[in-house]
Amino acid sequence: ADRVEIADLVIYLDYLGIVCAFRVLLRYFRHKEESRPELPKEALEYFNQKLFWVAFTRGERKDTEASLKNVEASKVVRIYSPRQLEEFLEDFTEK
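Criteria and thresholds
Residues numbered from 1 in each chain as written. Predicted model: local features only at pLDDT ≥ 70, side-chain atom pairs only at ≥ 80, totals over all residues. Heavy atoms only, no water. Helix = DSSP H or I, 4+ residues; strand = E, 2+ residues; numbered from the N terminus. Phe/Tyr/Trp six-rings, centres within 6.5 Å; stacked < 30°, edge-to-face > 60°. Patch = residues over 30% accessible without salt bridge, like charges linked within 9 Å, V, L, I, M, F, W, Y side chains within 5 Å. Areas by Shrake-Rupley, 256 points an atom, 1.4 Å probe, with all protein chains shown as cover. Salt bridge = Lys/Arg side-chain N within 4 Å of Asp/Glu carboxyl O. Buried < 20%, exposed > 50% of the residue type's maximum accessible area, 1.4 Å probe, protein only. Pairing = 2+ DSSP bridges. pLDDT = per-residue confidence, 0-100.

This part is about the environment of Arg30. Tracing the chain through its elements places Arg30 in helix H2 (residues 17–31). The sequence separation of Arg30 and Leu85 amounts to 55 residues, and the corresponding C-alpha distance is 22 Å.

What follows is about the packing of aromatic side chains. The tally for this structure, following the rule as stated, stands at six aromatic pairs. With centroids separated by 5.9 Å and ring planes inclined at 70°, the aromatic side chains of Tyr28 and Phe47 adopt a geometry described as edge-to-face. Of this pair, Tyr28 sits in helix H2 while Phe47 sits in the loop between H2 and helix H3 (49–57), and the two are 19 residues apart along the sequence. Taking 6.3 Å as the distance between ring centres and 10° as the angle between the ring planes, the aromatic pair formed by Phe52 and Phe56 counts as stacked. Highlighted residues: Phe52 and Phe56, both in helix H3, separated by four residues, approximately one helical turn.

A grouping of Leu9, Ile11, Leu13 and Phe92 is seen on the molecular surface, where their side chains present a nonpolar patch of about 340 Å² in accessible area. Leu9 sits in the partly exposed class, given a relative accessible area of 34%.

Look at any regular strand and the pattern is simple: side chains alternate between the two faces of the sheet. In strand S1 (residues 10–13), alternate side chains face the same way, and those of Val10 and Tyr12 are buried while those of Ile11 and Leu13 on the opposite face are not. Alignment of S1 against strand S2 (residues 76–79), held across four bridges, turns out to be parallel. When the bridges of S2 are listed, Tyr12 appears paired with Arg78.

In this section: the confidence of the model for the chain. Taken as a whole, the chain shows an average pLDDT of 91; of its residues, 98% reach a score of 70 or greater. Averaged over each element, pLDDT in the chain is lowest for helix H1 (residues 2–6) (85) and highest for S2 (96).

See the structure below:
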């Protein structure tokens, strides 16, 4: 919570649970035989049922919302979809 309070800008990816769960599956299938670029070669992806369920049910959302209550609304950008994120980043990088 301390990081959120001192941040200049908080970008909150408030995606639907189905989108998050789909991305968990996609990451697993993409990297179950070849590791992600930022990880060591032997760090292969495995299917984590708990992570999938947390993503699907948006299990961490309550904690995230509680942390954001202490932050000025003007410092929080809430993004609801990947398309909205692309648009935000395009506008943000133009400034």
